[in-house]
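A structural walkthrough
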Amino acid sequence: MKLVIGNQKSYLEKKEIDSFKQVIKDVNKDNFILCPSSIYLNEFSDLGLLLGCQNVSKYDKGATTGELSCEQIKSIGVNFCIVGHSERRQLFNETIEDTKLKVSKLLENCMTPILCVGETKEERDNLKTREIVLNEIEGALDGLNEELLNNIIIAYEPIWSIGTGVIPSNPEIEEITKAIKEFLYKKYNCNNKVLYGGSVSCKNIDELNLIDIVDGYLIGGASTKANELIEIIKKCE
Ligand code: 13P
């Protein structure tokens, strides 16, 4: 069974969320985590789904206008949170130090960070994928309490693949996933789940599922279309 995490970004408006919910309500809940926009988290609380946020504040709860603190999201039953997504790094100037603070706060609050890492097209063309990805992981985790690091999920998301319909070949995904797992095991003695993200859809899920070492998927666009998402989840059971 592979884990499916839906990152709905800021695509859906309220009416669309209502119809999404109608279709998704009977989904198998064993291998699925939904990360809707935070304003809709409560809409899903009666479905018994595992829920995640798409971002969290690096500050403690308090005087931080517009932020959502770890304590707050935990208090409404959210146990997962995406951190370090490339859209946050590129559009909101999130640094690796910010990401580390967020990972640390989530772990302290017994939540599971979903740490996103991945290279740009240029870095890929310069054969830097492995170096970039492992540096990002090290930058976000070094110095944190090693006993807690097993609770992190890693999502390998090549930036050039997000929203483009273009994905790496299976051997490429396999190679980098293996490198990430080996790095985490050697450096921190951890056996983290490693997911693939970037243009995952109904069209490529059968092919992607052939990669045994990948533990699941972080899905953007396709997670906003309930029927497609359900089909993907079924294929991952
Ligand atoms: P897409 O599935 O839309 O390419 O997005 C991937 C992603 O960014 C998930 O976090």
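Residues numbered from 1 in each chain as written. Predicted model: local features only at pLDDT ≥ 70, side-chain atom pairs only at ≥ 80, totals over all residues. Heavy atoms only, no water.

Some thoughts on the site of the ligand
Near the ligand lie 13 residues; those nearest to it are K9, H85, G163, S199 and G221. Within the backbone of G220, a nitrogen or oxygen atom sits 2.9 Å from an oxygen atom of the ligand. Within the backbone of G221, an N or O atom sits 2.8 Å from an oxygen atom of the ligand. A class-by-class count of the residues in the shell around the ligand yields three nonpolar, eight polar and two charged. (Near = heavy atom within 4 Å. Polar contact = N/O pair within 3.5 Å; in protein donor to acceptor, adjacent residues only side chain to side chain. Nonpolar A, V, L, I, M, F, W, Y, C, P; charged D, E, K, R; others polar.)

Thoughts on the packing of helix α4 (residues 96–108) against helix α6 (residues 129–141)
Contact geometry of α4 with α6 gives a least axis separation of 7 Å together with a crossing angle of 55°. In this view, α4 runs oblique relative to α6, as classed from their interaxial angle. Where α4 crosses over α6, the handedness of that crossing is right-handed. Along its contact with α4, which presents I96, T99, K100 and V103, the element α6 presents E136, G139, A140 and L141. Across the contact of α4 with α6, the residue classes tally to four nonpolar, two polar and two charged. (Axes fitted to C-alpha atoms, helices over the stretch in contact; angles between N-to-C directions. Helix = DSSP H or I, 4+ residues; strand = E, 2+ residues; numbered from the N terminus. Parallel < 35°, antiparallel > 145°, perpendicular 65-115°, else oblique. Left-handed = near helix turned anticlockwise from the far one by under 90°. Contact = heavy atoms within 4.5 Å.)

Structural notes on the pattern of salt bridges
Following the criterion strictly, the structure yields 16 salt bridges and no others. Salt-bridge contacts for K121 lead to D125; the nearest nitrogen and oxygen are separated by 2.8 Å. Of this pair, K121 and D125 both sit in helix α5 (residues 121–125), separated by four residues, roughly a single helical turn. The class of K121 is partly exposed, set by a relative accessible area of 45%. D125 sits in the partly exposed class, given a relative accessible area of 48%. In this structure, D206 and K235 form a salt bridge, with 3.0 Å as the shortest nitrogen-oxygen distance. A residue pair is termed long-range when its members are at least 10 positions apart, and D206 in helix α8 (residues 205–208) and K235 in helix α9 (residues 226–235) qualify at 29 residues. A network of salt bridges, in which partner residues are shared, links K14, D18 and E43. (Salt bridge = Lys/Arg side-chain N within 4 Å of Asp/Glu carboxyl O. Buried < 20%, exposed > 50% of the residue type's maximum accessible area, 1.4 Å probe, protein only.)

Topic: the sheet that holds strand β1 (residues 3–7)
With parallel pairing, eight strands are arranged side by side around a closed barrel as β1-β2-β3-β4-β5-β6-β7-β8. Pairwise comparison of adjacent strand axes, ignoring direction, gives a mean angle of 25° for this sheet. The strands touched by α4 are β4 (80–83) and β5 (112–117); relative to β4, the strand with the most contacts, the crossing angle is about 170°. (Pairing = 2+ DSSP bridges.)

What to know about the environment of G165
Within the secondary structure layout, G165 lies in the loop between β6 (153–156) and α7 (170–188). Residue classification places G165 among the exposed residues on the basis of a relative accessible area of 60%. For G165 and S201, which are 36 residues apart along the polypeptide, the C-alpha to C-alpha distance reads 8.7 Å.

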